[in-house]
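Listed below are the residues making up each chain.
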Amino acid sequence: RLLPAPLKDAVEVSMWRKCYTMPEVNAALSKIQLVGYSQKIELFGAVQVTPLSSGYALGSSNWIIQSHYEKVSYVSGSSLLTTHPQPMDQTSLKNSDVLILTGLTQIPTANPDGMVGEFCSNLAMTVRNGGNVLVPCYPSGVIYDLLECLYQYIDSAGLSNVPFYFISPVANSSLEFSQIFAEWLCHNKQTKVYLPEPPFPHAELIQTNKLKHYPSIHGDFSNDFKQPCVVFTGHPSLRFGDVVHFMELWGKSSLNTVIFTEPDFSYLDALAPYQPLAMKCVYCPIDTRLNFIQVSKLLKEVQPLHVVCPEQYTQPPPTQSHRTDLMIDCQPPPMSYRRAEVLTLPYKRRYEKIEIMPEVS
Amino acid sequence: SFSGSGAGAGQDVGRSCILVSIAGKNVMLDCGMHMGYNDDRRFPDFSYITQNGRLTDFLDCVIISHFHLDHCGALPYFSEMVGYDGPIYMTHPTKAICPILLEDYRKITVDKKGEINFFTSQMIKDCMKKVVAVHLHQTVQVDEELEIKAYYAGHVLGAAMFQIKVGCESVVYTGDYNMTPDRHLGAAWIDKCRPDLLISESTYATTIRDSKRCRERDFLKKVHETVERGGKVLIPVFALGRAQELCILLETFWERMNLKAPIYFSTGLTEKANHYYKLFITWTNQKIRKTFVQRNMFEFKHIKAFDRAFADNPGPMVVFATPGMLHAGQSLQIFKKWAGNEKNMVIMPGYCVQGTVGHKILSGQRKLEMEGRQILEVKMQVEYMSFSAHADAKGIMQLIRQAEPRNVLLVHGEAKKMEFLKQKIEQEFHVNCYMPANGETTTIFTNPSIPVDISLGLLKRETAIGLLPDVKKPQLMHGTLIMKDNSFRLVSPEQALKELGLAEHQLRFTCRVHIQDPRKEHETVLRVYNHLKGVLKDYSVQHLPDGSITVESILIQATAHSEDQGTKVLLVSWTYQDEELGSYLTSLLKKGLPPSTS
């Protein structure tokens, strides 16, 4: 009760659980079987499962589950924009009996390219005026695209003397791993690897000391730390991680800016405990996943017999109830599901597969 | 059925090029050049394919297993000079590294040796534009019927084994592979895909190679001894492949023993090689992949770039120089310089093709004829240590056990050794094993089953007949097979008639069986009923209230004979579908009834 909103309205605190431990993480990971795009995997002789590129992140997948007679496509977290991952495989989704659609963009009204532009210009402006820029982010994913954008932008924006810091316990691994999965990247990046050259330009940023990475703010970072600078660090919720330190360090000056690029958290909620804040706050969330216009086009292209999606997508968002374009619109109308609900899918098998022995034929 | 022809590598290690025809599709496997020849014989003979017309029309695709020149060296010649515009498939590392090695080979042949009828740099680039890169285990649809799939082969970075599948028939081509992991690559792996044919390399068909540790110890001992007495060690290698393996081995040894003698690697391809290994680290073995973030195994502290001038430096040194069989280039130059001194040593780490200097000195030749009729006396020590990553006999058997092919075909080996292995395979696995020579066609017949869609209604109905269907006993079923385009459907006759708009005609048979029985009809019927019920325990025998008996759907009625009261006539009536049971019943009843116990 004594906590500020929204914490005071939070679900029963007694039901909160402890976060999983590393041994539990490793035990879970050990059960994983690695597969590749378009690899057909037989499950118990009953169905065949195939991952397809969804175009959203490195290795992100949509899945086809099929038997001899039925085909179900599971489409979630997909993107048609040309960022670093392999483009979305749409052709293989055709001829589906059922297409389950979820994981659409959380910001259907924003244009990701525009957001990236705003990100760069706000960053440049802050730095030119002698301020620091804090970017709360995840250690992989969009950060690769942001670094690539900045790489191209640096010289023209006069940012050559500003250090970029990437602080995370997995900063080094993330940057290294991004360079070894050429086969999962878009065609342009694959061609670079044939030269050979690393597919992501952040390799050069590291080589020329423009980008420095540290496992935490303690240790080497405290010696190298120079301001003004740009810091990429986590966690985007602003509740834990090194980002908290920087919020407290830079919050009192209006020269500094915090730029929110992750769509997962409401930035106002995230900032609430830090108020009052002199620091400037810029909200330009970058979510490359499918919006409703792209979904319409996709469904027309792929033409599944039935579409299944979460209830939320069958009506406009509650905050914009007049926007009838912000929902899934297709013929026949989609079947929707709610949490904890069981949905029976509408097909009846009429045939089974047998084999005629050569002697009989 | 399908046939495979070797245009190269049949009973020979030299140039690999195999043509497979499977269910009407034609696939070319590898397109290599022979390093022992300097004339037309170095390329496979494509004329006997082209007599069928244009290559692009004839071939559905070309598959390249890995970047060694004896598997891809003729590719630009084939695609740009002979002419082929269809797809060429290979893995990503192969696509990255092939053009580098091809360009290198072209430079040596044309610029340094001045040959003319050879492919150009532009041709290499144009050829690579036709290449489609594939991932491991990705099912690649070449067209609607033909699909291919790559498996990890070990051997060198990016090497793959390929499964080619058309409908129910499939072939697996191994390229070169290795069944044991080494210091930088993993072991080949394939699932139990049961191909109709497995085409396997057999470079080491008769050898069971001794433990790798022994070979490594031996190698290090020889290098160490030579260097200790002030001699120079030449190790001819290809820039990519075994070189990385040996570098890791020497680096670890130098570090452990704190040795000071310099180790050099000839420049040009080296730095690039390092980059490729780093960018394609997912193709190396588990240990390297796990540690690459902290430490790049391919960045060496003790191994430096070589300069031509160093060859004349006094004192001990170890030099890795390209190319690998001492047939040209820098390794041959250094060899010529060092051959005269018995303190020096040359270690051949892999197979040498006939005709190369490497092969000659390994065969014991100590006087070699060089260009300009000059004789070179070889006083330096010549050692052969097989580090090339090919499967030995045990490994080949292991692969066959993993994949369970129905037939095996051996290539890429020497005839006598292959013969020995062929017999072993036939004995142990009871499958046919072939070993064709160059240009020879092998035809293998397959016996595929035909997949059919059966209507669920029909299946359920037919399996419900009989009291307790025995799964081991074959059961008779009635249905209609409808063949349309390439699909087969088995449906009930009623459904078929309806679909095809045909009228049904019923065929009914009636047979009269005379039984001697003076009693009333209904008593005869009872006797017949009890008799049949006792004999036909697996069938449904019923006595109906109207006085007739049914056995399944066959009707039996008894009437009195019109003239003879002591004879009863049994009418047995059945439809065409029940022919088998009907005739059986008739013969049974004709035998007569057992005496009644009333």
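This structure is a prediction, so every number in the text was calculated from the model and none was measured.

Novice: Provide a residue-level description of the domain arrangement of chain A, including the pertinent values.
Specialist: Residues and elements named next belong to chain A. Entries for chain A in the domain assignment read domain 1 (24-107 + 289-337) and domain 2 (112-283). Contacts between the two partners involve twelve residues from domain 1, matched on the other side by 15 residues from domain 2. Taken over both partners, the interface formed by domain 1 and domain 2 buries close to 1,100 Å², and the fraction arising from carbon and sulfur atoms is 66%. Looking at the side of domain 1 facing domain 2, the largest losses of area belong to Leu 58, His 84 and Gln 86, adding up to 52% of the total buried there. There are zero salt bridges connecting domain 1 and domain 2. Looking at the side of domain 1 that touches domain 2 residue by residue, the class counts come to six nonpolar, six polar and no charged.

Novice: Just give me the short version of the packing of helix 2 (residues 112-128) of chain A against helix 3 (residues 142-153) of chain A, but keep the residues and values in it.
Specialist: All names here are of chain A. Where helix 2 contacts helix 3, the two axes come as close as 11 Å, and the packing angle between them is 55°. Accordingly, the angle class assigned to the pair helix 2 and helix 3 is oblique. For the pair helix 2 and helix 3, the crossing hand works out as right-handed. When helix 2 is examined against helix 3, the residues Val 116, Phe 119, Cys 120, Ser 121, Leu 123 and Ala 124 are found in contact with a partner set consisting of Leu 146, Cys 149, Leu 150 and Tyr 153. In terms of residue class, the contact of helix 2 with helix 3 is built from nine nonpolar, one polar and no charged.

Novice: Can you break down the interface of chain A and chain B residue by residue, with the values?
Specialist: Taken together, the 33 residues of chain A in the interface contact 38 residues of chain B. Taken together, both faces of the contact between chain A and chain B bury some 3,200 Å²; the carbon and sulfur share is 60%. Among the residues of chain A in contact with chain B, A:Glu183, A:Tyr194 and A:Tyr351 are the three that bury the most area, contributing 23% of the side total. The interface formed by chain A and chain B contains three salt bridges. For the salt bridge of B:Glu147 with A:Lys40, the shortest nitrogen-to-oxygen distance reads 3.6 Å. At the boundary of chain A and chain B, one finds twelve residue pairs in polar contact (both at pLDDT 80 or more). Secondary-structure elements contributing two or more residues to the side of chain A that touches chain B are helix 4 (171-178), helix 5 (187-193) and strand 14 (351-356) of chain A. Per-element accounting of the side of chain A that touches chain B gives the leading share, six residues, to strand 14 of chain A. In terms of residue class, the side of chain A that touches chain B is built from 16 nonpolar, eight polar and nine charged. By the bridge criterion, six bridges tie strand 14 of chain A to strand 23 (residues 450-455) of chain B in an arrangement that is antiparallel.

Rules used in this analysis
- Each chain carries its own residue numbering, running from 1 in the written order of its sequence.
- Throughout, the order in which chains and ligands are written sets their labels, letters from A for the former and numbers from 1 for the latter.
- Totals for whole chains, interfaces and linings use every residue, but because this is a predicted model, local features are given only for residues with pLDDT of at least 70 and side-chain atom pairs only at 80 or more, for both listing and counting.
- As a rule here, side-chain values cover all heavy atoms of the structure and leave hydrogens and water aside.
- Each domain's limits were defined by an automated method or a database of domain assignments.
- Whether two residues are in contact is decided by their heavy atoms: any pair within 4.5 Å suffices.
- Using a 1.4 Å probe, buried area is obtained as the accessible area two parts lose upon being combined, added over both of them.
- For this analysis, a salt bridge means a side-chain nitrogen from Lys or Arg found within 4 Å of a carboxyl oxygen belonging to Asp or Glu.
- Three classes are used: nonpolar for Ala, Val, Leu, Ile, Met, Phe, Trp, Tyr, Cys and Pro, charged for Asp, Glu, Lys and Arg, and polar for all others, with Gly counted as polar.
- In this description, a line fitted to the C-alpha atoms serves as the axis of each element, helices being fitted only across the stretch in contact, and the angle between N-to-C directions of two axes falls anywhere from 0 to 180 degrees.
- Counting from the N terminus, the helices are the DSSP runs of H or I reaching at least four residues and the strands are the DSSP runs of E reaching at least two.
- Angle categories: roughly parallel below 35 degrees, roughly antiparallel above 145, roughly perpendicular from 65 to 115, and oblique for all the rest.
- Note on convention: near helix rotated counterclockwise from far helix by under a right angle means a left-handed crossing. Clockwise means right-handed.
- For the purposes of these results, a polar contact is taken to be a pair of N or O atoms within 3.5 Å, where, inside protein, one atom must be able to donate a hydrogen and its partner to accept one; residues adjacent in sequence count only when each atom of the pair is a side-chain atom.
- Two strands make a pair as long as DSSP finds a minimum of two bridges between them.

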